[in-house]
Structure formats: structure tokens, C-alpha cells
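# Summary of structural features
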Amino acid sequence: MNAPQPKPGMPTDNQGDRYLAATHEVVNQPPALENYNLYEQDIALQEAVQREGAGKAESDLKTFGALAGDAAIIDLGFRANNNKPTFNTHDRFGHRIDEVDFHPSYHELMRLAFENGLHSSPWTDPGKGAHVTRAAKYYMHSQVEAAHCCPVTMTFAAIPSIRKQPELASLWESRVLANNYDPRNVPDSQKSSVTIGMAMTEKQGGSDVRANSTLAYPVGTNGPGQAYELVGHKWFVSAPMCDAFLVLAQAPGGLSCFLMPRWRPDGTKNPWQIQRLKNKMGNVANASSEVELRGALAWMIGEEGRGVPTIIEMVAMTRFDCMIGSSAGMRQAVAQATHHCRHRSAFGSQLIDQPLMQNVLADLVLENEAALAYTMRVARALDNQNQEHERLLARLATPVGKYWICKRTPNHAYESMECIGGSGVMEDCIMPRLFRESPVNAIWEGSGNVQCLDTLRAIHKEPETLDAFFREAAEAKGADRRFDQFLAQLQNDFADISDVQYRARNLVDRMALTLQVSLLLRNGDKAVADAFCASRLQSNGGMNYGNLPSGTDAAAIIKRATPVVG
Ligand SMILES: Cc1cc2nc3c(=O)[nH]c(=O)nc-3n(C[C@H](O)[C@H](O)[C@H](O)COP(=O)(O)OP(=O)(O)OC[C@H]3O[C@@H](n4cnc5c(N)ncnc54)[C@H](O)[C@@H]3O)c2cc1C
């Protein structure tokens with residue numbers, strides 16, 4: 001029987017002689033958001049880098065921006081998440097190995113981060129703009145894949161704590177700061193580059209580390225720099241293949257901080273045994289684990305009984321990175337949402353031109369710009385810790401910002417997903433990953449309430465921190481009547497300390513907003529600052545994104561944030 005002949009104009013196969021059942025042409029879909037420069041396409045980031053003192057890094061940041069937007073690098077992020085780490089307790093002969101196997105794409109992302117100094121640059125090349133430059137790079141890198149940034153952060157953050165014990169620092173610091181990432185599971189004595197993790201959290205203790213039950217027994221002499229054996233457990237240990245960990249344990253003189261390598265100096269495995277991996281809802285490219293310490297050899301850092309003040313130096317830096325990471329999650333969500341709406345039409349025009357979508361998109365952009373402005377201001381404070389105002393500001397602005405920015409991210413991720421519609425829910429785009437990642441920063445490194453209580457603690461211990469905070473905020477006084485009223489009311493409310501713990505979230509929310517508004521008014525784009533004041537300092541009763549008042553220049557705000565690709 002002869003095949004049916006195509007009618008004129010009908011699609012055929014490439015021999016042109018057979019009818020094909022072509023159903024439709026794919027139209028009205030955006031191109032993939034890839035092969036773009038994450039720096040050059042981000043006006044708010046460029047402005048922040050200039051403003052906060054890292055202008056000299058511009059060309060370096062452009063190069064890094066191109067790398068972070070490369071399709072092949074973006075693909076690594078997907079592969080690392082589609083291939084979760086696996087865990088083996090023993091090898092096939094029955095030897096205990098405690099080995100977590102990560103996908104090669106995870107290691108490739110780690111290598112990129114290390115080669116670009118995301119774990120080291122402010123320590124190896126300190127000075128004007130050092131933290132700001134690193135923060136800008138981390139902001140871009142984390143948009144590709146956030147989970148592997150956890151060990152990058154911990155390695156970076158460990159330095160101030162390790163430096164508290166100079167003889168240990170001399171053994172470890174140069175290898176912690178080295179840029180040649182080395183994932184081999186071999187004794188650290190065979191490595192010129194190492195990674196560092198942290199192990200504080202226990203089952204019964206959690207945030208209240210004073211309740212930790214892991215014990216530290218002196219091997220010989222006790223005290224700073226001396227060897228101890230640790231016996232106990234840890235309920236959360238992320239990146240358990242790190243070469244060493246900062247661990248909190250109870251020494252005879254109280255809770256102390258220890259540096260615990262995964263291998264002993266004689267090349268045998270330290271008895272630090274991984275029980276199982278956590279079954280996480282987000283951050284899945286990285287492994288987190290439960291661990292038992294069965295006499296693991298470790299060296300005390302800092303004074304005996306001063307474990308919290310010692311490790312808090314590390315924790316402060318990890319909290320700062322949570323701010324960068326959550327701001328970055330918002331930026332990637334905004335980039336995806338604005339890009340999609342620019343290319344997608346519905347009911348006769350592009351989504352990005354439709355008034356209601358403009359209200360939602362502009363509102364999402366505002367949240368991201370405010371988060372970035374705040375984060376980069378703290379980065380500048382970290383660059384200038386020798387100035388008293390900057391030291392006091394960083395002390396208070398870190399818990400306030402960690403609380404606020406991380407907590408604003410989950411709803412932002414969800415709203416951005418909704419801008420993309422049904423395709424935004426699908427696992428082959430980045431939105432579900434951004435959404436699953438979004439609560440993690442808020443919970444680890446001290447959850448929301450813990451940050452609010454830390455804010456109160458800082459003010460109680462050093463009231464000058466609050467003065468510095470208000471001094472900084474007041475720089476924008478007179479620029480906007482709504483801001484002046486908001487600031488005055490907040491200052492007034494601090495005069496009343498009754499019920500202060502109960503009211504802490506309210507106070508910290510308003511502190512964060514005050515500093516964000518102040519920064520936007522002083523430095524930001526006028527349309528952004530106006531709209532932020534109108535929507536964050538005054539209420540029109542609306543509760544969701546998309547409640548910007550009439551008269552907002554939404555198109556201008558969106559334009560700043562929309563990547564031009566395709
Ligand atoms: C993915 C992931 C990875 C992690 N990796 C690590 C790691 O590598 N190393 C490590 O040490 N830990 C790690 N953690 C643990 C993390 O830091 C803790 O989960 C977190 O600090 C909260 O402690 P918790 O879970 O014990 O909760 P809890 O301490 O029981 O707190 C529960 C809730 O109570 C609130 N709360 C606590 N105290 C007060 C109070 N006084 N007043 C009011 N509210 C309060 C907290 O804010 C929180 O909302 C990780 C956690 C996650 C989710």
C-alpha cells in the first residue's frame with residue numbers, strides 16, 4: 001500500500017516524501033537564562049561594589065560573572081543536585097571508612113570556588129574592599145548552586161577562630177587558605193589544601209550548646225593547644241568529608257572549642273564515625289550527617305571553658321555568609337522571574353508589561369535590592385574592623401541581617417516561582433531548588449529567635465552597638481518624612497525594655513527595615529528607595545507581594561533587574 005502523500009505546505013520528513021504528524025511549533029517560551037554575565041547584568045550589584053569600596057575589583061568581577069553565567073557551569077549545579085551524595089560506613093573487606101561520595105560536579109564547583117578564593121581572599125589579601133569583593137563573588141557563585149557553598153563558608157569562617165591558637169594556626173592556616181582544592185580522602189599531612197567544618201549541635205542541646213554532653217579528656221597536660229580525646233555525638237555535621245572540624249565539647253574546665261582532624265598524625269583514621277546522612281529537603285548536593293566521637297583526638301583552641309566565645313568568631317562569619325547566600329537566592333529568583341516575563345506573553349501582551357505583574361515583579365526586585373544593599377554594607381564594615389563605628393555596626397547588623405534577610409527569602413522564592421507559572425514548579429528549572437534552599441539559611445547558624453536574642457544580648461553587653469546602629473541609620477535623616485517617623489518611633493520603643501524578649505522580633509524586624517531604608521535612601525536608585533519606603537514603612541492593608549501603591553515607577557525598577565538574554 002502506498003504511504004499517504006503530503007498535501008502542499010504540510011511538514012514532511014527530510015526526504016520530503018512522507019507525511020509527518022507534526023502537532024505544533026513551540027512558541028511563547030523564553031530562552032534558557034544562561035551564557036550571560038551575572039555581574040554585567042546586575043546593576044544593583046555593580047552599584048554596591050562601587051559604593052562599598054571594591055571598585056578596583058570590577059574587571060575581576062566581570063570575568064567571574066561570565067563564568068558564573070556559563071551554561072556549562074550552570075549545568076554543574078543541576079548535576080550536583082540530581083546526584084545526591086552517598087555514604088559508605090565500611091569498605092568491601094569490612095574496614096571502617098566513613099566515606100561520603102560526592103558527584104564530580106560538586107567537586108568541580110568546589111574547585112571553582114577555591115580557585116577564586118571564596119574561602120580565603122579577605123584573609124590572604126585583606127584591606128579596602130576585600131570582604132566586599134569576596135561577597136560579590138560569593139553572591140554570584142551561590143546563584144549557580146548554594147549547597148556546596150556550605151563547606152566553602154565554613155573553611156572561610158574558621159580562620160578567625162583558628163588564629164586564636166597560634167601554634168595550631170601555624171600548622172593549619174596556610175593549608176586552609178590554599179586555592180588548590182583537594183577532595184582526596186587521605187590524611188591531611190598529605191595535603192597542601194584542606195577544608196574545615198564545624199560540629200556544635202547535639203540532640204539534647206541544639207541552640208543551647210551549654211547542654212552539650214560530648215566530653216573532652218586531656219591526653220596529657222590540659223589547656224589551650226593541648227591534645228584531648230573527645231567522646232560523644234553530634235546531631236548535625238555538614239560536609240563530613242572536611243579535613244578537620246571545630247568541635248565544642250565539655251572539658252574539665254567547661255565547654256571548650258577543639259580542632260579535630262579526620263586523621264591522626266600517625267596516619268590512622270581518627271575515631272569520628274558517621275552514623276548516617278541526614279535526609280534533607282534542601283541543600284541536597286551537600287551532605288549533612290550524624291556523627292559519634294569515640295575518643296577522637298583533637299586540640300584545644302582558646303581558653304578552656306571559653307568554647308562559645310572562641311567558636312563565635314567562626315559563627316559570626318557563617319552568619320554573614322547566610323546573608324549573602326539568601327540575598328543571592330533572591331537575586332537568582334528575580335533574574336528568572338523577570339527573564340521569563342520579558343519573553344512570555346499572555347492575553348495579548350508580554351507579562352512584564354502587564355500592570356499587575358509589574359506590581360509583583362517590582363516588589364520582588366525591591367526585596368532583593370534591599371537585602372543586597374544591607375549585606376554589602378556589612379561587608380564594608382568587616383573590611384574596616386579597626387574603626388570603632390564599623391566594629392560596633394558589624395556586631396549588631398550581623399544577627400539583625402541574618403534574621404531578617406534569611407527569613408524574607410522563602411516567600412520571595414515562592415512568589416518568583418509563581419511568576420513563571422506551572423513550569424516554575426518543574427524540577428528541570430532552578431526554581432524548586434531555590435525554594436527548597438530558601439528556609440535553610442534561616443534555620444542553621446542560629447535560627448530566627450536565636451538571632452533576635454543575640455541582638456538583645458549584644459545591646460545589653462555593649463550598649464554602644466545600638467548607638468552605632470542608629471548613628472548609621474540616621475545618616476539618611478531628612479531624606480524622607482516616612483523614614484524619619486519610623487526611625488524616631490523605633491528609637492522611642494527601645495527606651496522601654498519591659499517584655500523585651502517577647503517583643504524582640506518586632507524590634508529586630510524594624511531595625512532591619514530601618515537600616516535597609518537608610519541605605520536605599522542614601523545610595524540607592526530613587527524609584528527603588530521611594531517604592532521601598534511607600535510599601536515597607538506604610539501599610540495599605542495588603543499582605544502579599546504586589547501591593548506597591550499607585551504611582552510607583554514599577555517599569556523602571558524592573559528594568560534595573562531584568563537580565564537581557566536572547
Ligand atoms: C541542613 C542543616 C545543616 C546543619 N549543619 C550543621 C553543622 O554542620 N554543624 C552544626 O553544628 N550544626 C549544624 N546544623 C544544626 C543547626 O545549626 C541547628 O539545627 C540550629 O542551630 C537549631 O538548633 P536545633 O535544631 O537544635 O533547634 P533548637 O535549638 O531546639 O531550636 C528550636 C527552635 O527554638 C528556637 N529557640 C531556641 N532557643 C530559644 C529561646 N531561648 N527563646 C525562643 N526561641 C528559642 C529556635 O530559634 C528554633 O526556632 C545544621 C542544620 C541543618 C538544618
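Our subject is the structure that appears above.
This write-up is about the structure you can find in this document. (Residues numbered from 1 in each chain as written. Predicted model: local features only at pLDDT ≥ 70, side-chain atom pairs only at ≥ 80, totals over all residues. Heavy atoms only, no water.)

## Considerations on the overall build of the protein
Helix and strand counts for the protein come out as 19 helices and 11 strands. Here the C-alpha atoms of the protein give a radius of gyration of 26 Å, agreeing with the 24 Å that 2.2 N^0.38 yields for 566 residues. Across its three principal directions, the C-alpha atoms of the protein cover 90 × 75 × 45 Å. In the protein, buried positions account for 57% of the 566 residues. Considering only contacts within the protein whose residues lie at least 6 apart along the sequence, 72% involve residues at least 24 apart. Counting only carbon and sulfur atoms, one obtains 51% of the accessible surface of the protein, whose full area is about 23,700 Å². (Helix = DSSP H or I, 4+ residues; strand = E, 2+ residues; numbered from the N terminus. Rg over C-alpha atoms; globule rule 2.2 N^0.38 Å. Buried < 20%, exposed > 50% of the residue type's maximum accessible area, 1.4 Å probe, protein only. Contact = heavy atoms within 4.5 Å. Areas by Shrake-Rupley, 256 points an atom, 1.4 Å probe, with all protein chains shown as cover.)

## Examining the site of the ligand
The local shell around the ligand holds 19 residues, among which M200, T201, G206, S207 and S238 are the closest. Within the backbone of S238, one N or O atom sits 2.8 Å away from an oxygen atom of the ligand. Protein burial of the ligand: of its 970 Å² of free accessible surface, 66% is covered by the chains. Taken together, the elements giving at least two residues each to the shell around the ligand come down to β3 (196-199), β5 (227-238) and α14 (448-461). Of the residues in the shell around the ligand, the class split is 9 nonpolar, 8 polar and 2 charged. (Near = heavy atom within 4 Å. Polar contact = N/O pair within 3.5 Å; in protein donor to acceptor, adjacent residues only side chain to side chain. Nonpolar A, V, L, I, M, F, W, Y, C, P; charged D, E, K, R; others polar.)

## Overview of the environment of G205
Position of G205 among the secondary structure elements: in the loop between β3 and β4 (215-218). For the pair G205 and K234, spaced 29 residues apart in sequence, the C-alpha separation works out to 9.9 Å.

## Considerations on a nonpolar patch on the surface
Among the surface-exposed residues, L215, Y217 and V231 lie close enough to one another that they form a single nonpolar patch of about 250 Å² accessible area. Along the chain, the position of L215 falls in strand β4. Judged by its relative accessible area of 35%, L215 is partly exposed. (Patch = residues over 30% accessible without salt bridge, like charges linked within 9 Å, V, L, I, M, F, W, Y side chains within 5 Å. Salt bridge = Lys/Arg side-chain N within 4 Å of Asp/Glu carboxyl O.)

## Quick word on empty space enclosed by the protein
For the structure shown, the criterion picks out 3 cavities of 30 Å³ or more. In this structure, the largest cavity spans a volume of roughly 340 Å³. If you go around the largest cavity, you meet 29 residues; those closest to its centre are S142, A146, G325, E437 and N441. With 7 residues, helix α9 (residues 307-343) is the single largest residue contributor to the lining of the largest cavity. One number sums up the size of the second largest cavity: a volume of about 60 Å³. A44, E47, A48, R51, E369, L372, A373, L520, G524 and R560 together form the lining of the second largest cavity. Of all the secondary-structure elements, those providing two or more residues to the lining of the second largest cavity are α1 (43-51) and α10 (355-383). (1 Å grid on protein atoms, 1.4 Å probe; cavity = no way out; pocket = protein on both sides within 12 Å on 5 of 7 lines; lining within 4 Å. Points joined across faces, edges and corners; volume = space filled by probe spheres on them.)

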